[in-house]
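The lines below spell out each chain.
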Amino acid sequence: MVGAKNNADSTVTKRKSKLVKHLVIAFFVIVAFTTAFIFIKKTISKKIHSDTSIVNLYEKWNAYDYQAAYDISGRILAKKTFNNTALMLHGYAAFYLALADTDTTAAQGFLDESINCIRVALQSAKSKTVPQLEYMLGKAYFYKNTFSSYYYYADLAVQYLQRARKDGYKADDIPEFLGLSYASLGMTMESISSFTEALVLRESDLLLLSIAEQYYNAGQPAAAEQYLFRISQACKDEKILLRSHMLMGQIDIDQQKYAEAEKEFQTILEKNENSADAYYGLGVIYENQGDVLKARSQWRKALRLQPNHPGALKKMADFK
């Protein structure tokens, strides 16, 4: 009986020993896996939030931090030249940096970079992102045309904005950008059509003035006057009011309403005594009334304020 008892105790001891051994092994395995997991997690997190990660790029973009998005996407492109996401967001960030820059030369540089990146991104973009890329490219060309000394980009602005619209992209500012681009191209009726569409979406005094200017260019002064009247009723923007007075003065001169035209130009000078265009307009009125000496006096005033004023230069040359 004693022997049997000893054998039983020995068996129990061996089982306990194996159990302890297994528990120790399990403990070390768990510790090893936990350590590995934490290391891998930290490594992945560090990579994700590094200065060259797409996740970090999107974080900056979604926070409207365009400078940081521009910098991060630039570093990504330095390693992966054709990374489509980096190309797209680098182009977008450069676009917004251009609009914020008060230095025209620097803004032009940002726009050139924006256009280049977006054009390259379009080559390998997924179909769902193509319309947005076309829209942004159209706007980049529009501002390139605006900032440039020579207007060579309005046709490209129209081309890509129309493509974006055809491919299903919707944005309320497309008609206005198209209207301004058509105006730069001298496509008056297309400009009026686009501006009128924009006016339905969002009325503004600037749009009313733009439509009036295009109707005047189209030889429809009566239509232009209707929009100028709407501006005169409620507009608070001094610059727009001065431009509307200038256009109304030109219309009055064309219709030989010289007293009304003089009133428009004098109104401008009361608010801005340095308006070369207003002095030029007064000179034209006096010329048409047969008072060349008085006309030349006004044109000289215009040239003192703006030495390269084309109208005043021509008039002074014609009446030497």
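One can find the structure itself at the top, above this paragraph.
For every chain, the first residue of the written sequence is number 1, and numbering continues from 1 onward in sequence order. Restriction of local features to residues with pLDDT of at least 70 applies here, the model being predicted, together with a cutoff of 80 or more for giving and counting side-chain atom pairs; totals for whole chains, interfaces and linings are based on all residues. No hydrogens and no water enter the side-chain calculation; it runs on all heavy atoms of the structure.

### A closer look at the overall build of the chain
(1) Moving on: A run of H or I in DSSP counts as a helix once it spans at least four residues, and a run of E counts as a strand once it spans at least two, with each numbered from the N terminus. Helices and strands together make up the secondary structure of the chain, namely 16 helices and 0 strands.
(2) Moving on: When a residue's accessible area, from a 1.4 Å probe over protein chains only, is under 20% of the maximum for its type it is buried; when over 50% it is exposed; and in between it is partly exposed. Taking all 320 residues of the chain together, 40% fall into the buried category.
(3) Moving on: Contacts between residues were defined by any pair of non-hydrogen atoms, one from each residue, lying within 4.5 Å. Of all intrachain contacts in the chain linking residues separated by at least 6 positions in sequence, the fraction that spans at least 24 positions is 46%.
(4) Moving on: When the accessible surface of the chain is split by element, carbon and sulfur atoms take 56% of a total near 19000 Å². Each accessible area is a Shrake-Rupley estimate made with a 1.4 Å probe; only the visible protein chains count as cover when residues are assessed.

### Description of helix α9 (residues 188-201)
Turn by turn, an α-helix covers 3.6 residues, leaving residues three or four places apart pointing in a common direction.
(1) Moving on: For α9, spanning 14 residues, the distance from its first C-alpha to its last is 20 Å, which sits close to the expected 20 Å at 1.5 Å a residue.
(2) Moving on: All buried positions along α9 are accounted for by T188, S191, I192, S194, F195, A198 and L199.
(3) Moving on: Where α9 is buried, its residues touch α8 (174-184), α10 (205-217) and α11 (221-234). Take the number of residues in a helix, subtract one, and multiply by 1.5 Å to get its expected span.

### With respect to the packing of aromatic side chains
(1) Moving on: Between rings of Phe, Tyr and Trp, where Trp is taken as its six-membered ring, a pair exists when centres lie within 6.5 Å; planes separated by under 30 degrees are stacked, by over 60 edge-to-face, and by other angles tilted. Inspection of every chain in the model, using the stated rule, returns 17 aromatic pairs.
(2) Moving on: Seen from their ring centres, Y66 and Y96 are 4.8 Å apart, and the 15° between their planes marks the pair as stacked. Separated by 30 residues along the polypeptide, Y66 in helix α3 (residues 66-79) and Y96 in helix α4 (residues 84-100) bring together distant segments of the chain.
(3) Moving on: Members of the aromatic cluster, joined through ring pairs, are W61, Y64, Y66, Y92, F95, Y96, F142, Y143, F147 and F177.
(4) Moving on: A cation over an aromatic ring shows up here: K294 above the ring of Y286, its NZ or CZ 4.4 Å from the ring centre. In our convention, an over-ring charge means Lys NZ or Arg CZ found within 6 Å of a ring centre and within 35 degrees of that ring's normal.

### Quick look at the side chain of E134
(1) Moving on: On the secondary structure map, E134 appears in helix α6 (residues 130-147).
(2) Moving on: The convention is simple: Lys and Arg are positive, Asp and Glu are negative, and His and the chain ends are not counted. The term salt bridge refers to a pairing of a side-chain nitrogen on Lys or Arg with a carboxyl oxygen on Asp or Glu at a separation within 4 Å. Within the buried set, E134 has no salt-bridge partner at all; the shortest N-O distance to an opposite charge, 4.7 Å, is to R163.
(3) Moving on: Those residues within four positions of E134 in sequence are excluded, and the remaining contacts are L122, Y160, L161, R163, A164 and D167.

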